[in-house]
Amino acid sequence: DPIEDDLEERDERDTIGPVFGVHESPRNTTAVLFGWDVTKTFCARNGVAMVVRSHQSKKYGLGFDLMHDEKLMRVFSARDYEGHCNDGAVLLVRATED
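Definitions and cut-offs
- Residues numbered from 1 in each chain as written.
- Predicted model: local features only at pLDDT ≥ 70, side-chain atom pairs only at ≥ 80, totals over all residues.
- Heavy atoms only, no water.
- Salt bridge = Lys/Arg side-chain N within 4 Å of Asp/Glu carboxyl O.
- Buried < 20%, exposed > 50% of the residue type's maximum accessible area, 1.4 Å probe, protein only.
- Helix = DSSP H or I, 4+ residues; strand = E, 2+ residues; numbered from the N terminus.
- Contact = heavy atoms within 4.5 Å.

Here we come to the pattern of salt bridges. Tallied over the entire structure, the rule returns 1 salt bridge. A salt bridge links Asp65 to Arg74; the nearest nitrogen and oxygen atoms lie 2.7 Å apart. The same class applies to Asp65 as to Arg74, namely buried.

If you want it as structure tokens, here you go:
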């Protein structure tokens, strides 16, 4: 569906260049899109290295994406979700020794 593909591309902010701040999502009124500056500020204020999110498949995607200077990761586990020909992925988190 060309309209759905266009919305997905708009939601993939890294494909159209850097976006700053918080913006309404073209997908619905309760969601927001946020730029790399928001991710970077959130990580710094909360003492975390990265934010991991889910619930968005990417057409023909690998099941994961690193975005926002590797401070935001999308992991999507459902393979071929709604016919998107995407791979699925999982994230393994291990404790590190200090």
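More follows now that the structure is in view.
The next thing to look at is the environment of Leu91. In this structure, Leu91 sits in the segment after strand 5 (72-75). Taking relative accessible area as the criterion, Leu91 reaches 42% and is therefore assigned partly exposed. Along the backbone, Leu91 and Met73 are 18 residues apart, and their C-alpha atoms lie at a distance of 9.8 Å. Every residue in contact with Leu91, bar those within four places of it in the chain, is listed here: Val52, Met73 and Val75.

This part covers the environment of Ser57. Checked against the element boundaries, Ser57 lands in the loop between strand 3 (51-53) and strand 4 (64-67). Look at Ser57 and you get buried, because its relative accessible area is 9%. For the pair Ser57 and Tyr81, spaced 24 residues apart in the sequence, the C-alpha separation amounts to 7.0 Å. Excluding its chain neighbours within four sequence positions, the residues that come into contact with Ser57 are Phe76, Tyr81, His84 and Asn86.

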